[in-house]
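As a plain string of letters, each chain reads:
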Amino acid sequence: MPLRAAILFSALLTVAPPAVAGDAAHGQALWEAKCIACHALDANKVGPKHRGVYGREAGTAPGYSYSPALKASHIVWDAASLDMWLKGPRAFVPGTKMTFSLAQPQDRADVIAYLKSLSPAAD
Amino acid sequence: MISTSNLASPARRAFMGGAGRTVLSAAAVGLLANAAGFGSPAFAKAKAATSADVDVLNVALGLEHEAIGAYQIGAESGLLKPPALKLAVLFQSHHKGHRDALVATIGKLGGTALAAKTTAEYAADLGAAAIKTDLDVLKLAQKLELGAANAYLGVIPSFESRDLAQVSARLAADETMHWTALSGALGDMLPAQPLSFGA
């Protein structure tokens, strides 16, 4: 297994769900203030569309040109992986195009709750 | 032009050698300042940028392309009258200045600048079909400017080059200026709390 894949796999095994509960309403406000520059719900912009991202495998939104690193990651976006991603996307998946991070755990939990609310089929 | 010499100590080169990063010329980093009139003494001693920085600059370029497209859509809508139209044209000119500086810098750093979409594609991305009034145009612009300001602030920690981080902060200041003016035009209250921008 290549070193990078091994590191990523190891990281995934040790990811724990975020400890804080998310507020989807506040998450929507945060998303509209901080994420909307690069993302839309139903269109690919600088970043991929976000509706349905929770529960989706990384790198699979139709029509978006992902980095090879993210396409090869095989991450499924859930509360734990999204928390790691939003905390430091380039530390989580080296080589990704995503650069923006959310420093505060509560902010991350709120945005994740909002994204989950857009994916009702998710657990 | 990519240059891996004369920029970093062996230890720094070793540190930055992983994850596909390439150390780039300090002179090229300074181009962003010069191309957009951002010249400052800080750029005379610009630190090395990396290919990861180029990726961040391309994200910024994508935002600038979209902003230019959004203001074009607004200006061509016929919904804006002076002074709002004049404001939109001025802000679009700022974004064009940002774009030109970013394209020049990405090229000099050896990267490939992200191409703009068509105005029609931006119209679809931004939901322009729902825009019916001048207030709708201003609210869309306000939303995009706020997002851009926060994005530029949010990516500052991602830059290997502190000089590019400073440029990102200056771009954020421009976007904040736009957001503030648009908020005033819309009669919106300014944030009641301090530190309302950024991650």
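What comes next is a walk through the structure. (Residues numbered from 1 in each chain as written. Chains lettered and ligands numbered in written order. Predicted model: local features only at pLDDT ≥ 70, side-chain atom pairs only at ≥ 80, totals over all residues. Heavy atoms only, no water.)

Attention shifts here to the packing of helix α2 (residues 24–35) of chain A against helix α6 (residues 105–117) of chain A. All names here are of chain A. Closest axis-to-axis distance for the α2/α6 pair is 7 Å, and the angle between their directions is 100°. On the basis of the axis angle, α2 is roughly perpendicular to α6. Together, A24, H26, G27, Q28, L30 and W31 of α2 and D107, D110, V111, A113, Y114 and L115 of α6 make up the contact between the two elements. Across the contact of α2 with α6, the residue classes break down as 7 nonpolar, 3 polar and 2 charged. (Axes fitted to C-alpha atoms, helices over the stretch in contact; angles between N-to-C directions. Helix = DSSP H or I, 4+ residues; strand = E, 2+ residues; numbered from the N terminus. Parallel < 35°, antiparallel > 145°, perpendicular 65-115°, else oblique. Contact = heavy atoms within 4.5 Å. Nonpolar A, V, L, I, M, F, W, Y, C, P; charged D, E, K, R; others polar.)

We now examine the packing of aromatic side chains. Residue and element names in this part refer to chain A. This model, assessed by the stated rule, comprises 5 aromatic pairs over all chains. Between W31 and Y114 the ring centres are 5.8 Å apart and the planes differ by 55°, which places this aromatic pair in the tilted class. One end of the pair, W31, is in helix α2; the other, Y114, is in helix α6, and 83 residues separate them in sequence. Its relative accessible area of 4% is what places W31 among the buried residues. (Phe/Tyr/Trp six-rings, centres within 6.5 Å; stacked < 30°, edge-to-face > 60°. Buried < 20%, exposed > 50% of the residue type's maximum accessible area, 1.4 Å probe, protein only.)

Let us now look at the interface of chain A and chain B. Between chain A and chain B, the contact holds 15 residues from the first and 24 residues from the second. On the surface where chain A and chain B come into contact, there are 2 salt bridges. At the boundary of chain A with chain B, the tally comes to 6 residue pairs in polar contact (both at pLDDT 80 or more). Tallied by class, the residues present in the side of chain A that touches chain B amount to 7 nonpolar, 3 polar and 5 charged. (Salt bridge = Lys/Arg side-chain N within 4 Å of Asp/Glu carboxyl O. Polar contact = N/O pair within 3.5 Å; in protein donor to acceptor, adjacent residues only side chain to side chain.)

Moving on, we get to the environment of S119(A). Residue and element names in this part refer to chain A. Here S119 is to be found in the segment after α6. In this structure the C-alpha to C-alpha distance between S119 and G55, which are 64 residues apart in sequence, comes to 7.5 Å. With residues near it in sequence (within four places) discarded, S119 still touches G52, V53 and Y54. A distance of 3.3 Å separates the side chain of S119 from the backbone nitrogen of G52, its partner in a polar contact.

Residue and element names in this part refer to chain B. If you walk through the whole model with that rule in mind, you get 2 cavities of 30 Å³ or more. Listed by contribution, the elements that provide at least two residues to the lining of the largest cavity are α4 (51–76) and α7 (134–154). Per-element accounting of the lining of the largest cavity gives the leading share, 5 residues, to α4. Taken together, the residues of the lining of the largest cavity sort by class into 8 nonpolar, 1 polar and 2 charged. Considering only enclosed or pocket space, the second largest cavity measures out at about 50 Å³ in volume. At the level of secondary structure, the elements contributing two or more residues to the lining of the second largest cavity comprise α4 and α8 (162–186). For the lining of the second largest cavity, the element with the most residues is α8, which contributes 4 residues. (1 Å grid on protein atoms, 1.4 Å probe; cavity = no way out; pocket = protein on both sides within 12 Å on 5 of 7 lines; lining within 4 Å. Points joined across faces, edges and corners; volume = space filled by probe spheres on them.)

Next up on the list: the packing of α4(B) against helix α5 (residues 84–108) of chain B. All names here are of chain B. Relative orientation of the contacting elements α4 and α5 amounts to 155°, with a least axis distance of 9 Å. Relative to α5, the element α4 lies roughly antiparallel. Taken as a pair, α4 and α5 cross one another with a handedness that is left-handed. Here α4 contributes V54, L57, N58, A60, L61, E64, H65, A67, I68, Y71, Q72 and A75 to the contact with α5, which in turn contributes L85, A88, F91, Q92, H95, K96, H98, R99, L102, V103, T105 and I106. (Left-handed = near helix turned anticlockwise from the far one by under 90°.)

All right, on to the nonpolar core then. By size, the foremost hydrophobic cluster in this structure holds 28 residues, and its most contacted members are W31(A), L70(A), W77(A), W85(A), L86(A), V93(A) and L115(A). With 4 residues, the top contributor of residues to this core is α6(A). Sequence-distant contacts of L70(A), defined by excluding residues within four places in its chain, comprise A58(A), G59(A), W77(A), W85(A) and V93(A). Listed in part, the 18 residues of the second largest apolar core include A70(B), L80(B), A128(B) and A141(B). (Core = buried A, V, L, I, M, F, W, Y, C linked by side-chain atoms within 4.5 Å.)

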